[in-house]
Amino acid sequence: MLYAVIPAGGSGTRLWPLSRAGHPKFLHPLTGTSASLLQATVERLAPLTTPDRTLVVTGAAHVAAVARQLTVLPEENILVEPSPRDSCAAIALAAAVIATRDPNAVMGSFAADHLIRDPDSWVCTVQEAVRGAEQGMLMTVGITPTRAETGYGYLETGDPTEGVPWRPVAEFKEKPAAEVAEAYVRSGRHLWNASMFVWRVDVFLAELARQQPALHAGVAAIAAAWGTPEQDDVLGAIWPTLPKISVDYAVMEGAATAGRVATVPGDFGWNDVGDFHTLGDVLPADDAGNVVLGTEAKPGVLLRDSSNLVVVPQSGRLVAVLGLRDLIVVDTPDAVLVCPRDRAQDVKALVDELKERGEEGYV
């Protein structure tokens, strides 16, 4: 049975002021239901694994909230990273801990903050990736592109082998310019990189040792002390020395060059909920195209002669909008955001400016 690892980090700066460093987007109910993105991720994994084989890697600031939301998980399955070291350290630590329990385990890594509209299709795609992982490949789940998206990285695939549902990955591509993205989609050889990975832990750790020996040695030492009285001391001493690098750069790009990476194309309504405009596209809207997040809040929202809005009422005040269209309105107790939907990606710049001004309390 699959071991599932859920890296739960990042602050979701394009969803500010709803998402903050202390309460990031994966803890929010952005699914159109009362479930948070993190809870929805765990629920989606139910056909593939069990709670005792599901691990979450998160920061110290979020441990309590994660534990409250995921009461079904054993306490020891919430791995705490003392500081953010990007995705490779988090995923490698989970892989090393799993290897101490089951050296031949297959693990999958799935982000805590993605939306998937067709979970049954997603499960089938992951099961195909597991079959590839069992044969020793480092597998990814690629997303069949629906548009020339410039905000995602891409996987360039090679020719498929007859009778095999996965394709070799020739190269990982950075987020492209618009004309390059259009060429990728036309080629039929490129998939969106959703950073979903499936592999045998021994295969991944061997590849990590080949390409990132210092990182491998560090997580191996931490894993050896995991669950012992020395755990916190070893973690505190070694973790800050680990390279801060994504698993794509650290392992997967080099492994693809060596012919060790394959992907299963999937089409299951994937979305990474990157900003409020995207949220407005994927959540249910009223007849005028307005999306209101959290309609249970009182006194709520009053919209008149307005269309294609994304409204997030979080302050307890009435939010009233008259005669406007294509806007984002986010009302929280200490900050209000109003911007055009087509500027949603630029919200991150506001967060950057707040940091520059030293106003970390808003971040």
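Residues numbered from 1 in each chain as written. Predicted model: local features only at pLDDT ≥ 70, side-chain atom pairs only at ≥ 80, totals over all residues. Heavy atoms only, no water.

Per an unreviewed UniProt entry, the recorded name for the protein is Mannose-1-phosphate guanylyltransferase, and the organism is Micromonospora trifolii.

Trainee: Would you mind showing me how to read the pairing of strand β8 (residues 167–173) here?
Mentor: Consecutive side chains of a regular strand alternate in pointing toward one face of the sheet and then the other. In this sheet, β8 lies alongside strand β7 (residues 154–157) in antiparallel orientation, the contact comprising 4 bridges. Paired with T157 across the bridge in β8 is V169. Of the pairings in the sheet, the one linking β8 to strand β10 (residues 261–266) comprises 2 bridges and is antiparallel in character. By the bridge assignment, R167 is partnered in β10 with T263. (Pairing = 2+ DSSP bridges. Helix = DSSP H or I, 4+ residues; strand = E, 2+ residues; numbered from the N terminus.)

Trainee: Is there a simple way to explain the environment of V338 in this structure?
Mentor: As for its placement among the helices and strands, V338 is situated in strand β17 (residues 336–340). Residues V338 and I328 lie 10 residues apart in sequence; the distance between their C-alpha atoms is 5.5 Å. Look past the residues within four positions of V338 in its chain and what remains in contact with it is L327, I328 and V329. (Contact = heavy atoms within 4.5 Å.)

Trainee: It is not clear to me how the UniProt feature "domain: MannoseP isomerase/GMP-like beta-helix" (unreviewed entry) in the protein should be interpreted in this structure. Could you clarify?
Mentor: According to UniProt, the "domain: MannoseP isomerase/GMP-like beta-helix" (unreviewed entry) feature falls on residues 305–354. The span residues 305–354 shows a helical share of 16% and a strand share of 36%, and its end C-alpha atoms are spaced 33 Å apart. (UniProt positions renumbered as here; feature names shortened; annotations may be inferred.)

Trainee: Would you explain the sheet that holds strand β12 (residues 291–292) in this entry?
Mentor: Two orientations exist for strands paired in a sheet by backbone hydrogen bonds: parallel and antiparallel. If you trace the 4 strands from one edge of the open sheet to the other, you get β12-β14-β16-β17, paired in mixed fashion. Looking at the sheet topology across the chains shown, the edges are occupied by β12 and β17. Direction of pairing for strand β14 (residues 310–313) relative to strand β16 (residues 327–331): parallel, over a ladder of 4 bridges. Along β16, the bridge assignment pairs V310 with I328.

Trainee: Looking at this model, I keep getting lost on the side chain of D272. Mind explaining?
Mentor: Counting through the fold element by element, D272 comes out in the loop between β11 (270–271) and α10 (276–282). Although D272 lies buried, it forms no salt bridge, and the closest oppositely charged side chain, K25, sits 5.7 Å away as judged by the N-O distance. For D272, the side chain forms a polar contact with the side chain of Y152, separated by 3.4 Å. (Buried < 20%, exposed > 50% of the residue type's maximum accessible area, 1.4 Å probe, protein only. Lys, Arg positive; Asp, Glu negative; His and termini not counted. Salt bridge = Lys/Arg side-chain N within 4 Å of Asp/Glu carboxyl O. Polar contact = N/O pair within 3.5 Å; in protein donor to acceptor, adjacent residues only side chain to side chain.)

Trainee: I'm lost on unusual backbone geometry in this one. Help?
Mentor: In most cases, non-glycine residues show a negative phi, while peptide bonds are predominantly trans. Across the junction of W16 and P17, the peptide omega takes the value 5°, indicating a cis bond. Assignment of secondary structure puts P17 in the loop between β1 (3–8) and α1 (37–44). The residue D86 is not glycine, and still its phi comes out positive at about 70°. The residue D86 is located in helix α3 (residues 86–101) in this model.

Trainee: Sorry, what's going on with the pattern of salt bridges here?
Mentor: If charged atoms from side chains of opposite charge come close, those side chains can pair. This model, assessed by the stated rule, comprises 16 salt bridges. In this structure, R131 and E128 form a salt bridge, with 3.3 Å as the shortest nitrogen-oxygen distance. Taken together, the residues span about one helical turn, with R131 and E128 both in helix α4 (residues 119–134) at a distance of 3 residues. Residue classification places E128 among the partly exposed residues on the basis of a relative accessible area of 25%.

Trainee: Can you help me understand the environment of A67 in this one?
Mentor: With respect to the helices, strands and loops of the structure, A67 is situated in helix α2 (residues 63–69). Between the C-alpha atom of A67 and that of V329, which follows or precedes it by 262 residues, the distance is 31 Å.

Trainee: Looking at this model, I keep getting lost on the packing of helix α7 (residues 213–225) against helix α8 (residues 231–238). Mind explaining?
Mentor: For the pair α7 and α8, interaxial distance at closest approach is 8 Å and the crossing angle is 165°. With respect to α8, the axis of α7 lies roughly antiparallel. Relative to α8, the crossing made by α7 is left-handed. Between α7 and α8, the contacting residues are G218, A221, I222 and A225 on the first element and Q231, V234, L235 and I238 on the second. Partitioned by chemical class, the residues of the contact of α7 with α8 number 6 nonpolar, 2 polar and no charged. (Axes fitted to C-alpha atoms, helices over the stretch in contact; angles between N-to-C directions. Parallel < 35°, antiparallel > 145°, perpendicular 65-115°, else oblique. Left-handed = near helix turned anticlockwise from the far one by under 90°. Nonpolar A, V, L, I, M, F, W, Y, C, P; charged D, E, K, R; others polar.)

Trainee: What's the story with the packing of helix α6 (residues 201–211) against helix α9 (residues 247–257) in this structure? I'm lost.
Mentor: Helix-helix packing is described using two parameters, namely the angle between the two axes and the distance between the axes. Running from N to C, α6 and α9 cross one another at 100°; their axes reach a closest spacing of 10 Å. The angle between the axes of α6 and α9 places the two elements in the roughly perpendicular class. Here F204, E207, L208, R210 and Q211 of α6 come into contact with α9, specifically with V247, A250, V251, G254 and A255. Partitioning the contact of α6 with α9 into residue classes produces 6 nonpolar, 2 polar and 2 charged.

Trainee: Can you help me understand the packing of aromatic side chains in this one?
Mentor: Across all of its chains, the model carries 7 aromatic pairs by this definition. Look at W199 and F204: their rings are 4.2 Å apart centre to centre, the planes differ by 10°, and that puts the pair in the stacked class. With respect to burial, W199 and F204 carry one shared label: buried. Here the aromatic residues Y152, W192 and W270 are joined through ring pairs into a cluster of three or more. (Phe/Tyr/Trp six-rings, centres within 6.5 Å; stacked < 30°, edge-to-face > 60°.)

Trainee: Mind showing me how you'd approach α7 here?
Mentor: Helical geometry: 3.6 residues make up each α-helical turn, so side chains three or four residues apart lie on a common side. Helix length check: α7, at 13 residues, gives a terminal C-alpha distance of 19 Å against a target of 18 Å (1.5 Å per residue), a fit within 8%. Where α7 is concerned, the buried positions are L215, G218, V219, I222, A223 and A225. One side of α7 holds all its buried residues, which, seen down the axis, span an arc of 165°. Structural note: α7 exposes P213 and A224 on the side pointing more than 90 degrees away from its buried face. (Expected span 1.5 Å × (residues − 1). Arc of directions from axis to C-beta.)

Trainee: What am I meant to see in the UniProt feature "domain: Nucleotidyl transferase" (unreviewed entry) in the protein here?
Mentor: UniProt marks residues 4–282 with the feature "domain: Nucleotidyl transferase" (unreviewed entry), using the numbering shown here. Between the C-alpha atoms that bound residues 4–282 there is a distance of 25 Å. The span itself is 38% helix and 20% strand.

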